[in-house]
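Coordinate analysis (summary)
Single-letter residue listing:
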Amino acid sequence: MKYRTGMVKTKYIFITGGVSSSLGKGITASSLGKLLQARGFKVSLQKLDPYVNVNSGMLNPYEQGECFVTEDGCEADMDLGHYERFLDFCATRDSNVTTGRIYQTVIQKERRGDYLGKTVQVVPHITDEIKRCIKLASAGGDCDFVITEVGGTVGDIESHPFVESVRQLKWEMPDACLCVHLTYVPYLAASKELKTKPTQHSVKVLLEAGVQPDILVLRTEHKLPKELKRKVALFCNVGESSVVEAIDLPSIYEAPLKLRDEGLDLAVLNRFGMTSPHEPDLESWTSFIHRMKSATGVVRVGLVGKYVESPDAYKSIGEALVHAATYLNCRMELSLFQADQMSEENVVRKLEGLDAVLVAPGFGQRGEKGKIVAAKYARLKNLPFLGIGLGMQCAVVEFARNVVGFFDAESKEMNPQTEHPIFDLMTEEKSHLGTDGTMRLGAYDCQLKKGSLAYEMYGTEVVRERHRHRYEFNNSYKEVFERAGMSFSGINPQSGLVEIIELPHLKWFVGTQFHPEFKSTVLHPHPLFVGFVKAAIENRQEK
Ligand code: GLN
């Protein structure tokens, strides 16, 4: 088959998982996507989530990690963040489909009478809707490959309709579908043995559901001997070159290179009988890895947040910091601080010695005080500061109280009775509180003030950044804050809402109402994060 001969016929690659959760299906999907993209193909990625929530907006970060926000305003699974960071791909609402959304659509159709008296069933109605959503991810057939990650583990009750849809698609389009199954090969220390039985069992479960995997990716902590791969190939009906090792790596960003060496992308192309225009072009990716490994300096940043015990709650922020530090030839040493345990009494002990402080986004009262204390510390010590979402709001509230002199200044989210509602709901939202319908979600324009730090960082006048919040800076306070020394350096040109604040008399003090972390990628580190980390490095050097 020739590459992109006018009419593109999309190929569908499904990534399923067995044996255990958290094996890295998201990283495998992203790495395979990266390799195919680097060969010159157009790739789209998608995640199917078996949970009944309609999206991840209401999910507690302890459960599923951070809520990622797409450009078009979908509150999505955090794996979409990996897809974007690896491929510089712009995920949309179609890139994340949950059981909840599938059922919602089918039930709406049923209520509308679309099924004409038929009994509505999991097969075919739910599976038809799943298949429709999978095909939607091809952007009208414009992609060479759609890589669909099936959340959960095969054999779970809740992922069954997804696996059944994969079975049907493979049956309907045998030449255009392929299943990559990710499993785990445990090492038994006592007997010094690598065990393939869990893999065999999980392939059996997949086979029971009618899906023959085409490629097996085996997660392992130890190098897999050739005989082991041969054995797995024989027991699981796949070719030997389709058994791919995925050994633990120091950084997730090394996975594409390792999987290329293991021949994952080639196995995919061979299975489809395709050739690619060239070998994967991973020059800039490799140079990123090289920088990461040869970084000499260290930069110490403190992150103050409500969910710091959960490693994935601030995933995109952590990754954006790593991208920026790597770009600046430094290693990021991130210390996490529980916001509700930060107080005037212990803040010095906790934050002293750091090169910069980042106060995280969030909702609700818990930890707000600690975030305000951290922002105050950064302001008084002239420590480089980045406040995101609620982090920015806390910095402004702190400024209102301690510089402007509005002692009870607050966001209405925290105190609806405050005399000085520095952050308030936008007027049109005031009428319907409580659900995600009231949130400002997705990308909005932001006009930067010439001469500001933000303008200098971005190097352009208008940017677009992603939002996920309900409260806005109350513009009736703008003038008095400006007189007290705060600069509003980013404004939404359509609504006049405040997007960025700065304290220009300090070294580097920036707050953003939006979430810059969602747009930082390996090859394009975010300018605000680069600016922030650079200021941190300079601060360290001055000490
Ligand atoms: N809770 C705040 C709001 O709704 C901030 C949200 C955020 O950090 N993105 O406005």
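The rules behind these values
- Residues numbered from 1 in each chain as written.
- Predicted model: local features only at pLDDT ≥ 70, side-chain atom pairs only at ≥ 80, totals over all residues.
- Heavy atoms only, no water.
- 1 Å grid on protein atoms, 1.4 Å probe; cavity = no way out; pocket = protein on both sides within 12 Å on 5 of 7 lines; lining within 4 Å.
- Points joined across faces, edges and corners; volume = space filled by probe spheres on them.
- Helix = DSSP H or I, 4+ residues; strand = E, 2+ residues; numbered from the N terminus.
- Near = heavy atom within 4 Å.
- Polar contact = N/O pair within 3.5 Å; in protein donor to acceptor, adjacent residues only side chain to side chain.
- Areas by Shrake-Rupley, 256 points an atom, 1.4 Å probe, with all protein chains shown as cover.
- Sits in = over half its atoms within 2 Å of the grid points.
- Nonpolar A, V, L, I, M, F, W, Y, C, P; charged D, E, K, R; others polar.

1. Some thoughts on the layout of surface pockets
- Taken as a whole, the largest pocket holds about 1100 Å³ of empty space.
- Looking at the lining of the largest pocket, the elements that each hand over two or more residues are α1 (25–38), β2 (43–49), α2 (61–64), α3 (79–87), β11 (243–247) and α9 (255–261).

2. Thoughts on the site of the ligand
- Inspection of the region around the ligand gives Pro361, Gly362, Phe363, Gly389, Leu390, Gln393, Glu413, Arg468, His469, Arg470, Tyr471 and His515 as its neighbouring residues.
- One of the backbone nitrogen or oxygen atoms of Gly362 is found 2.9 Å away from a nitrogen atom of the ligand.
- Between the ligand and Gln393 there is a distance of 3.1 Å, counted from an oxygen atom to a side-chain nitrogen or oxygen.
- The protein chains hide 100% of the 300 Å² of surface that the ligand would expose on its own.
- Here the ligand is seated within the largest cavity.
- At the level of elements, α15 (390–404) and β19 (462–469) are the ones that each hand at least two residues to the shell around the ligand.
- Taken together, the residues that form the shell around the ligand break down as four nonpolar, five polar and three charged.

3. Section: empty space enclosed by the protein
- Overall, the coordinates contain two cavities of 30 Å³ or more when judged by the stated rule.
- The computed volume of the largest cavity comes to approximately 90 Å³.
- Breaking the lining of the largest cavity down by element, the ones donating at least two residues are α15 and β19.
- For the lining of the largest cavity, a count of residues per class yields four nonpolar, six polar and three charged.
- Of the voids in this model, the second largest cavity is the one considered here, and its volume is about 40 Å³.
- Lining the second largest cavity we find Val154, Gly155, Asp156, Ser159, His160, Val163, Val205 and Ala209.

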